[in-house]
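# Working through the structure, step by step
Spelled out from the first residue to the last, the chains are:
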Amino acid sequence: MAAQSYPVELTAPDIEPYRKGNTGIEFVTSFDSGKPGPHVMINAITHGNEICGAIALDTLFKLGLRPSRGILTFGFINHMAYARFDAANPDASRFVDEDFNRVWVENRLDSDEDTVELRRARELRPLFDTVDLMLDIHSLGTYSKPLMICHGLKKERDFAAKVNFPAHIMCGSGHIVGKRIIEYTPFNDAANDKVALLVECGQHWAASSGRVALDTALHFLRVADVVDPAFIDAHLSAEGKNPPKAEMWEVTGGITAKTDDFRFAEQYIGMEVIAKAGTPIAQDGGETIVTPHDDCLLMMPSYKQGAGTRKLRLCKRIG
Ligand SMILES: [Zn+2]
């Protein structure tokens, strides 16, 4: 099955005006209300090719949003990769040396190992350590419905349920190698109230993803309670207003290709629900892969080829 190519409908905004910022960290700007409240941070371009988050932050900057309490911080995370974004070859700018969303393990952050992304992570880490509530904005390789990902602690599930946008909340580790920002130790600690969530806004360059990114940021800020609710109401899109109650799903497992000859049974885009356990969903070399349980949701299919590639996550409805 050949990889599909996708039109680039979104325009990557010029983020150069945000380079200087005011935190001493390039591309990070904080607004302090001077009133007690949480430190809330919204991240864009953790992956440099996922431009919808940059559009949401650029919009919020241009609207002049300021917090009514607490501190509000906007960060363009992997600006080094984003600087290489080219609409003619939009996949190429995901990262420079390695996936920024896998480096959040202490023994790598504390080591003297050197990659462009580790250097940036070390720059951001003292700031991240002060953040109470973080939204990390991403997008997807296919025309999947958007989804919120929470690592799975009760505090995260509860917060995600209150954000209630987009309409699917996916809980669980996804069994990846390394750690995502949302799993970085200070967040992944049941003993504090810090919460980090990751939103996948839809296909990387689809027009709808820009709208979903902004709507999700606004719903997140509503629950964080750091912005005038009138601002949020005024800037939610028609689709973002009064969303239905979001579905909650548990990530029950993941499928990684064992061979270079991995083929899905159908051209899945993600979020398909397969009714019957035992239904073939892929062929990996000579092995047939089947759904492990009834009503199995197929999350984030990847059409990247090669043994060792994460191909799919499997999920079960929990609420
Ligand atoms: Zn991403």
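From a predicted model like this one, the values you see are computed outputs, not experimental measurements.

## Digging into the coordination of the zinc ion
Surrounding the zinc ion are the protein donor atoms His47 (ND1), Glu50 (OE), Glu50 (OE) and His138 (ND1), which sit 2.0 to 2.4 Å from the metal. Geometry at the zinc ion is irregular, judged from the four donor atoms that bind it and their angles of 56 to 146° at the metal.

## A short note on the pairing of strand E1 (residues 28–32)
Burial analysis of E1 places four of its five residues in the buried class, the great majority of the element. Bridge count for E1 against strand E3 (residues 71–76) is five bridges, and the pairing is antiparallel. Across the sheet, Asp32 pairs through a bridge with Ile71, a residue of E3.

## Focus: the pattern of salt bridges
In total, this model carries 17 salt bridges according to the counting rule given. Residue Asp225 pairs with Arg69 through a salt bridge whose shortest N-O separation is 3.6 Å. With Asp225 in the loop between helix H6 (207–224) and helix H7 (229–235) and Arg69 in the loop between helix H1 (52–62) and E3, this residue pair connects regions lying 156 residues apart in the sequence. Take Arg69: its relative accessible area is 29%, and that puts it in the partly exposed class. A salt bridge links Arg120 to Glu123; the nearest nitrogen and oxygen atoms lie 2.6 Å apart. On the criterion of helical spacing, the pair formed by Arg120 and Glu123 is a turn pair, its members being three residues apart in helix H4 (residues 116–128). Its relative accessible area of 38% is what places Glu123 among the partly exposed residues. Put simply, Glu16, Arg19 and Glu26 are held in one network by salt bridges that share partners.

## Overview of the environment of Ala213
Residue position: Ala213 is located in helix H6. On the basis of relative accessibility, which here comes to 0%, the residue Ala213 falls in the buried class. Remark: the alpha-carbon pair of Ala213 and Gly141, spanning 72 residues in sequence, is separated by 15 Å. Non-local contacts of Ala213, meaning those with residues more than four positions away in its chain, are made with Cys52, Gly53, Ala56, Ile137 and Cys201.

## A look at the packing of helix H5 (residues 154–163) against H6
As a packed pair, H5 and H6 sit with axes 8 Å apart at the nearest point and diverge in direction by 115°. Taken as a pair, H5 and H6 cross one another with a handedness that is right-handed. Between H5, through Phe159, Lys162 and Val163, and H6, the contact on the second element is made entirely by His219, Phe220, Arg222, Val223 and Ala224.

## Structural notes on the sheet that holds E3
Pairing in this open sheet of 11 strands is mixed, and the strands run E1-E3-E2-E4-E7-E5-E6-E8-E14-E13-E10 from one edge to the other. Across the chains shown, the open sheet's two edge strands, defined by having one partner strand only, are E1 and strand E10 (272–274). Across the sheet, the mean angle from the axis of one strand to that of its neighbour is 25°, orientation sign disregarded. For strand E6 (residues 168–171) and strand E8 (residues 247–256), the ladder comprises four bridges, and the chain directions are parallel. Opposite Ile169, over in E8, you have Met248 as the bridge partner. Together, E1, strand E2 (39–44), E3 and strand E4 (133–140) form the strand contacts of H4, whose direction differs from that of E2 by roughly 155°. Here H5 sits on the sheet in contact with E4, strand E5 (147–150), E6, strand E7 (195–203) and E8, set at roughly 50° to E7.

## Quick look at the domain arrangement of the protein
It is common to give the size of an interface as the accessible area lost on bringing the parts into contact. In terms of domains, the protein is made up of domain 1 (16–245) and domain 2 (251–317). Once you take the C-alpha centre of each, domain 1 and domain 2 turn out to be 27 Å apart. Every contact between the two is made by 16 residues of domain 1 and, on the other side, 16 residues of domain 2. Buried area between domain 1 and domain 2, both sides added, is near 1200 Å², and the carbon and sulfur share of it is 65%.

## So, the sheet that holds strand E12 (residues 287–290)
Pairing between the strands of a sheet is mediated by backbone hydrogen bonds and can be parallel or antiparallel. A sheet is described by the order of its strands in space; here three strands give the open sequence E9-E11-E12, paired in antiparallel fashion. Looking along the sheet, the strands with just one partner apiece sit at the ends: strand E9 (262–264) and E12. Along the sheet, successive strands turn relative to each other by an average axial angle of 25°, direction set aside. As paired strands, E9 and strand E11 (residues 280–284) are joined by three bridges and run antiparallel to one another. Note on E11: the bridge partner recorded for Phe262 is Asp284.

## What to know about the environment of Gly48
Topologically, Gly48 is positioned in the loop between E2 and H1. Since its relative accessible area comes to 0%, Gly48 is described here as buried. Note: C-alpha distance between Gly48 and Ala230 (182 residues apart in sequence) is 32 Å.

## Focus: the nonpolar core
Among the nonpolar cores identified, the biggest contains 56 residues, and Leu60, Phe74, Phe76, Ile137, Leu197 and Leu221 are the most heavily contacted of them. Top contributing element to this core by residue count: H6, with nine residues. The residues touching Leu197, leaving out its near neighbours within four places in the chain, are Met134, Leu135, Asp136, Met148, Ile149, Cys150, Glu156, Phe159, Ala160, Val163, Ile182 and Phe220. If you look at the next biggest cluster of nonpolar residues, it comprises 32 residues, including Phe100, Met134, Leu147 and Ile181.

Basis of the calculations
Numbers given to residues run from 1 along each chain, matching the order in which its sequence is written. Local features in this predicted model are restricted to residues of pLDDT 70 or higher, and side-chain atom pairs are both shown and tallied only at a pLDDT of 80 or more, whereas totals for entire chains, interfaces and linings draw on every residue. Note that water and hydrogens are dropped before the side-chain values are worked out from all heavy atoms of the structure. Metal coordination here is assigned from N, O and S atoms located within 2.8 Å of the ion, or within 3.2 Å for Na, K and Ca; omission of water means that sites may look incomplete. In short, tetrahedral needs four donors with all angles between 85 and 135 degrees, square planar needs four and octahedral six donors with opposite donors over 155 degrees apart and all other angles between 65 and 115, and whatever is left is irregular. Think of it in three bands: residues with accessible area under 20% of the maximum for their type are buried, residues over 50% are exposed, and the middle band is partly exposed, with areas taken using a 1.4 Å probe on protein chains only. Runs of E in the DSSP output that reach at least two residues are strands. Runs of H or I that reach at least four are helices, and both are numbered from the N terminus. Note on pairing: DSSP must find at least two bridges between two strands before they are called paired. In what follows, salt bridge is the name for a side-chain nitrogen of Lys or Arg lying within 4 Å of a carboxyl oxygen of Asp or Glu. Contact between two residues is taken to exist if any of their heavy atoms lie within 4.5 Å; hydrogens are not considered. What counts as an axis is a line fitted to C-alpha atoms, over the stretch in contact for a helix, and the angles between N-to-C directions run from 0 to 180 degrees. Less than a right angle of anticlockwise turn of the near helix away from the far helix marks a crossing as left-handed, whereas a clockwise turn marks it as right-handed. Marked domain ranges trace back to an automatic or database domain assignment. For any pair of parts, buried area is found by adding up, for both, the accessible area (1.4 Å probe) each one loses once the two are put together. Buried Ala, Val, Leu, Ile, Met, Phe, Trp, Tyr and Cys residues that are joined via side-chain atoms within 4.5 Å together make up what is termed a nonpolar core.

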